[in-house]
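# Structure assessment
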Amino acid sequence: IPEDTQQEIDELMASFPGLTDQYRLVGKIGEGTFSTVYKAVDLLHDKYENSAWSMIFQDNLLPRASWDGRDALCAAEDGAEYMPRPVSVYSDQPSSSTLHDLNCHSRRYSSEMRIVAVKKIYVTSSPKRIANEIAILRDLGGSSKIVSLITAMRHQDQVVLVMPYFKHDDFRTFYQDSSIYEIRKYCQSLFQALEHTHAQGIMHRDVKPSNFLYNVRRRHGVLVDFGLAEREDDQEALRLSRTRPPLNLDLEGASRRFRSFDSKGRPGVLQRDPRPSLRANRAGTRGFRAPEVLLKLPRQSVAIDIWSAGVILLCFFTKRFPFFRSTDDTEALLEIAVLFGKFNMEKAAAEMGRTFFTNVPTVKEKDISFERLTKAYNPDRWSEIPQEGFDFLRRCLCLDPKKRITAEEALRHPFLTFSNG
Ligand code: ADP
Ligand code: MG
């Protein structure tokens, strides 16, 4: 472990007594905007397993089992891929097959050490936000495609979330050499995670490679980081817009960029739009925000995640990551406009009750096809991409969120329903 990481770990351990009792931090895995994630060994994991055994043999599988033990067992069971599911431990009558199952499992698995990911949320995060992340993770539990929450702990103003550690590969190491088959597998896994999330009416809001941990060898991925996730029917912007007078769109910077020239092209006077600016949730990562987010629609839907997933697919196809690189929303809209053309942008904006206007010369009237775009960026291997791949990409990167493919439909699309042969 690098010295500064060790120091950081020591400080965290020293300031968080409850943590040290259970976990030994062994390294740093990631550092995001809102947290630092450490790799740790679950020191009590074996004890959980022992408690299961003592309940079976000494307490004779009775519901007498202490609530402590029961909670511990559930917690341990939650995240571990290699733990038995001792559901019938709590039934009054043990069946011999349950005992047999447990026996097999524990022989196979008990020697393994459980590795966890400990996510230390920065103290600058609001309690509401942290509570939201925990609540959403709980609601989404039970899918192998979504990271599960083992436990959450708080000491004073410090909160940590403990999740099973998922061994994954950095997107940068594989997006350029992935075969079409591997890209399909990745997308299948990602869209299964999205389907599960969206079925509960939850928008992830920050779909991007570093929040979808993918193991190339196992061809398995898990969606993590629900720190920005939101329920469709519980949108802050919506609640605000219901209590405020109607608001107008103020594209930040647009006034400067587009109105600072008069009709003869002479620089004019800078004027700020006097109308109150629109409130909408713009959470997410630049380059992955859907048009409706950039256009500040107050009512957003799970379709915003499909757009982001489409951007990931575009990175695979063009072998360019990140694909969109602008730093502000106006430029991001322009980048999208360069691909889709003025006509499509105006039409989509109008569908959403917005006006799109630009006089930037790189934005042409018509769109650039994804085939052409991919050929330009990836001249060597673009021809390997099948037609259904481009069709799938078009359906994900559809400007109008209402017409965009859903996760459920995506899983039935030919690009994802290929035979494994
Ligand atoms: P942030 O809100 O800071 O972005 P994330 O939950 O996205 O936090 O975690 C940041 C990084 O930590 C991830 O990109 C990933 O590399 C790593 N990470 C997070 N959870 C796990 C996990 N369960 N297993 C392995 N690595 C993880
Ligand atoms: Mg993240």
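Right above here is the structure, for reference.
Presented here is an overview of the structure given in this document. Computed from a predicted model, the values in this text were never measured in an experiment.

On to the site of ligand 1. Contacts to ligand 1 come from 19 residues, most closely from Ser 35, Lys 119, Ser 210, Asn 211 and Asp 225. Taking Lys 119, its side chain carries an N or O atom lying 2.8 Å from an oxygen atom of ligand 1. Interatomic distance of 3.4 Å between a side-chain N/O atom of His 168 and an oxygen atom of ligand 1. Starting from 550 Å² of accessible surface for ligand 1 in isolation, the protein chains cover 92%. Broken down by secondary-structure element, the contributors of at least two residues to the shell around ligand 1 are strand E1 (23-31), strand E2 (35-42), strand E3 (115-121) and strand E5 (158-164). A per-class count over the shell around ligand 1 returns ten nonpolar, seven polar and two charged.

Moving on, we come to the pattern of salt bridges. In a structure, side chains of opposite charge can pair up when their charged atoms sit close to one another. Applying the stated rule across the entire model yields 15 salt bridges. Put simply, Lys 28 and Glu 8 hold a salt bridge, and the shortest N to O gap is 3.0 Å. Here the residue Lys 28 occupies a position in strand E1, and Glu 8 occupies one in helix H1 (residues 3-15), the gap between them amounting to 20 residues.

Moving on, we come to the packing of aromatic side chains. Tallying each qualifying case throughout the model produces 21 aromatic pairs. With centroids separated by 5.2 Å and ring planes inclined at 10°, the aromatic side chains of Phe 171 and Tyr 175 adopt a geometry described as stacked. In this structure, Phe 171 and Tyr 175 share a single accessibility class: buried. Judged by centre distance (6.1 Å) and plane angle (25°), the ring pair of Phe 212 and Tyr 214 falls under stacked. In this structure Tyr 214 comes out as buried when scored by relative accessible area, which is 4%.

Attention now moves to the coordination of the magnesium ion (ligand 2). Note on metal geometry: ideal angles are 109.5 degrees for four donors arranged tetrahedrally and 90 or 180 degrees for six donors arranged octahedrally. At the metal site, the magnesium ion (ligand 2) is ligated by Asn 211 (OD1) and Asp 225 (OD), and these contacts range over 2.1 to 2.2 Å. Taken together, the residues Asn 211 in the loop between strand E6 (202-203) and strand E7 (212-215) and Asp 225 in the loop between strand E8 (220-223) and strand E9 (230-231) connect sequence positions 14 residues apart.

Strand order across the open sheet formed by five strands is E1-E2-E3-E5-E4, with antiparallel pairing between neighbours. Of all strands in the sheet, those with a lone pairing partner are E1 and strand E4 (151-155), marking the two edges. On average, each strand axis in the sheet is inclined to that of its neighbour by 25°, with strand direction left out of account. Where E1 lies against E2, seven bridges are found, and the strand directions are antiparallel. Among the inter-strand pairings, Lys 28 is bridged to a residue of E2, identified as Tyr 38. Across the face of the sheet, H1 comes into contact with E1, E2, E3, E4 and E5 while running at roughly 125° to E1. Strands E3, E4 and E5 of the sheet are contacted by helix H6 (residues 127-140), whose axis makes an angle of about 20° with E5.

With that settled, the discussion passes to helix H14 (residues 370-377). Within H14, burial applies to Phe 370, Glu 371, Leu 373 and Thr 374. One face of H14 carries all of its buried residues, which in axial projection span an arc of 165°. The exposed set on the far side of H14, more than 90 degrees from its buried face, consists of Arg 372 and Ala 376. Of the surrounding secondary structure, the elements contacted by the buried residues of H14 are helix H12 (303-318), helix H13 (329-351) and helix H15 (387-396).

About the criteria used
Within each chain, residues carry numbers counting from 1 in the order of the written sequence. Each chain takes a letter, starting from A, and each ligand takes a number, starting from 1, following the order in which they are written. The model is predicted, so local features are restricted to residues of pLDDT at least 70 and side-chain atom pairs to those at 80 or more, both for listing and for counting; the totals for chains, interfaces and linings are taken over all residues. Hydrogens are left out, water is left out, and the side-chain values use all remaining heavy atoms of the structure. Near, as used in this document, describes a residue that has one of its heavy atoms within 4 Å of the molecule or strand being considered. Any pair of nitrogen or oxygen atoms within 3.5 Å is treated as a polar contact; in protein, a donor-acceptor pairing is required on top of that, and neighbouring residues in sequence qualify only through side-chain atoms on both sides. In short, Shrake-Rupley with a 1.4 Å probe defines the accessible areas, and a residue's cover is counted only from the protein chains shown. Numbering of helices and strands runs from the N terminus, with a helix taken as a DSSP run of H or I at least four residues long and a strand as a DSSP run of E at least two residues long. Residues are sorted three ways: Asp, Glu, Lys and Arg are charged, Ala, Val, Leu, Ile, Met, Phe, Trp, Tyr, Cys and Pro are nonpolar, and all the rest, Gly among them, are polar. Within this document, salt bridges are pairs made up of a side-chain nitrogen of Lys or Arg and a carboxyl oxygen of Asp or Glu, the two lying within 4 Å of each other. Planes of paired rings set the category: under 30 degrees apart is stacked, over 60 is edge-to-face and the rest tilted, where pairs are Phe, Tyr or Trp rings (Trp by its six-membered ring) whose centres lie within 6.5 Å. Accessibility here uses a 1.4 Å probe with only protein chains present; expressed as a share of the type maximum, an area under 20% marks a residue as buried, one over 50% as exposed, and anything in between as partly exposed. A donor here means any N, O or S atom no more than 2.8 Å from the metal (3.2 Å for Na, K and Ca); water is not included, so a site may seem to lack partners. Two strands form a pair only when DSSP identifies at least two bridges running between them. Note on definitions: angles span 0 to 180 degrees between N-to-C directions of axes, and those axes are lines fitted to C-alpha atoms, for helices only across the stretch in contact. Two residues qualify as a contact provided that any one of their heavy atoms is within 4.5 Å of a heavy atom in the partner residue. Working definition: the arc comes from the directions between the helix axis and the C-beta atoms, pointing outward to the latter.

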